[in-house]
Amino acid sequence: MDITERFLNYTKYDTQSSEDSQTVPSTSKQLLFAEYLKKELEAEGLSDVEMDDKGYIYATLKANTKKDIPTIGFISHYDTSPDCSGAGIKARIVKAYDGGDIVLSEGIVSSPGKFPELKAHVGEDLIVTDGHTLLGADDKAGIAEIVQAMCWLRDHDEVKHGDIRVAFNPDEEIGMGAHHFDVEKFGCDWAYTMDGGDLGDLEYENFNAASAKIHIKGVSVHPGYAKGKMVNANRLAAEFAAMMPADQTPETTEGYEGFFHLLGIQSNIENATLSYIIRDHDRERFEDRKDFVEHCVEKMNEKYGDGTVSADIKDQYYNM
């Protein structure tokens, strides 16, 4: 099996995670793919293949030399983002990309005018969807790369190596992928995560990360009698969002600059919820950002009454 076929097989599985779930993994459909992947690793001849009850998969490509070589590892996640459907993916290959617009389906075009990075791939074969779903390359491409590399090493005994461990996990997209990762069981001297990035890039640090859910309680009153009584949670949600610094969002920052990212708003007159992620490389500034959100909540409650606005802030992971 070549790497393209392997990856396309992976995309057939809907592995979308959910930040609203309390289970591990956050969606049961992730386990369907995990079972498939476990069987594939066994069929390809890897050793010590196991999957725990939370969907974490571990396996080994055994050493082919008696030399004392450190054990290294490779890791990828198999869930896809909650932001877009991962079901019914219609993948196709654009052969020898010519540098122009790619019509995914009627009214949906991937254009180098909007995505200039496409120009770097002229002449290459590209895998795309019909524009209505994610492709799932984040991070099933990483899994395909790792599995294919293990198969290549298995078939090229002239390349000597120590034990190589591989691991695949759920729920990375919701910031929970590392929470149940068994580092002791993985048993590596060091390891690499294969995820998005430019060819040849090596990332050795990452953001500190937290999620924040802002809950707003409104009061619904007939608009004809609403003066002094109605508290419109929709309007308060917009007011809270406006309190976040406009120059500290993903679309206005780069490099080591941290940000507040509004993922979504669910609201009506009586209730509203704003979902944020908070990111900063520097731990002190990261803590300051969480404190700022709490301060905004306090200001809203001073204005509209105690208990009107509350925040549920949870750390997700830290700079490695």
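Everything that follows concerns the structure shown earlier in this document.
Residues numbered from 1 in each chain as written. Predicted model: local features only at pLDDT ≥ 70, side-chain atom pairs only at ≥ 80, totals over all residues. Heavy atoms only, no water.

(A) Focus on the side chain of Thr249. In this structure, Thr249 sits in the loop between α5 (233–243) and β11 (259–267). Setting aside anything within four residues of it in sequence, one finds Thr249 in contact with Phe259 and Phe260. (Helix = DSSP H or I, 4+ residues; strand = E, 2+ residues; numbered from the N terminus. Contact = heavy atoms within 4.5 Å.)

(B) Spotlight on the packing of helix α1 (residues 3–11) against helix α2 (residues 29–43). It is at 11 Å that the axes of α1 and α2 come closest, and there the two elements cross at 150°. In terms of their interaxial angle, α1 and α2 are classed as roughly antiparallel. Contacts between α1 and α2 involve Arg6, Asn9 and Tyr10 from the first element and Phe33, Tyr36, Leu37 and Glu40 from the second. (Axes fitted to C-alpha atoms, helices over the stretch in contact; angles between N-to-C directions. Parallel < 35°, antiparallel > 145°, perpendicular 65-115°, else oblique.)

(C) Molecular detail of the sheet that holds strand β13 (residues 309–317). The strand order across the open sheet formed by 4 strands is β11-β12-β10-β13, and the pairing between neighbours is antiparallel. On the outer flanks of this sheet lie β11 and β13, each paired with one strand and no other. Ignoring strand direction, the axes of neighbouring strands in this sheet form an average angle of 15°. As paired elements, strand β10 (residues 208–217) and β13 share 8 bridges and run antiparallel to each other. From the neighbouring strand, Lys213 faces β13, where its bridge partner is Asp312. The strands touched by α5 within the sheet are β10, β11 and β12 (271–280), with β12 carrying the most contacts at an inclination of about 15°. (Pairing = 2+ DSSP bridges.)

(D) Representation of unusual backbone geometry within the structure. Of note, the amide linkage connecting Val24 to Pro25 takes the cis form, showing an omega dihedral of -5°. Residue Asp139 is bonded to the preceding Asp138 through a cis peptide linkage, with omega at 15°. Checked against the element boundaries, Asp139 lands in helix α3 (residues 137–155). One non-glycine residue, Ala96, adopts positive backbone phi at about 45°. Within the secondary structure, Ala96 sits in the loop between β4 (92–94) and β5 (102–105). Despite not being glycine, Asp171 has its phi angle at roughly 65°, a positive value. Checked against the element boundaries, Asp171 lands in the loop between β8 (164–169) and α4 (183–186).

(E) Spotlight on the environment of Thr253. Assignment of secondary structure puts Thr253 in the loop between α5 and β11. Dropping the residues within four chain positions of it, Thr253 is found in contact with Asp247, Gln248, Gly258 and Phe259. A polar contact is formed between the side chain of Thr253 and the backbone oxygen of Thr249, at a distance of 2.8 Å. (Polar contact = N/O pair within 3.5 Å; in protein donor to acceptor, adjacent residues only side chain to side chain.)

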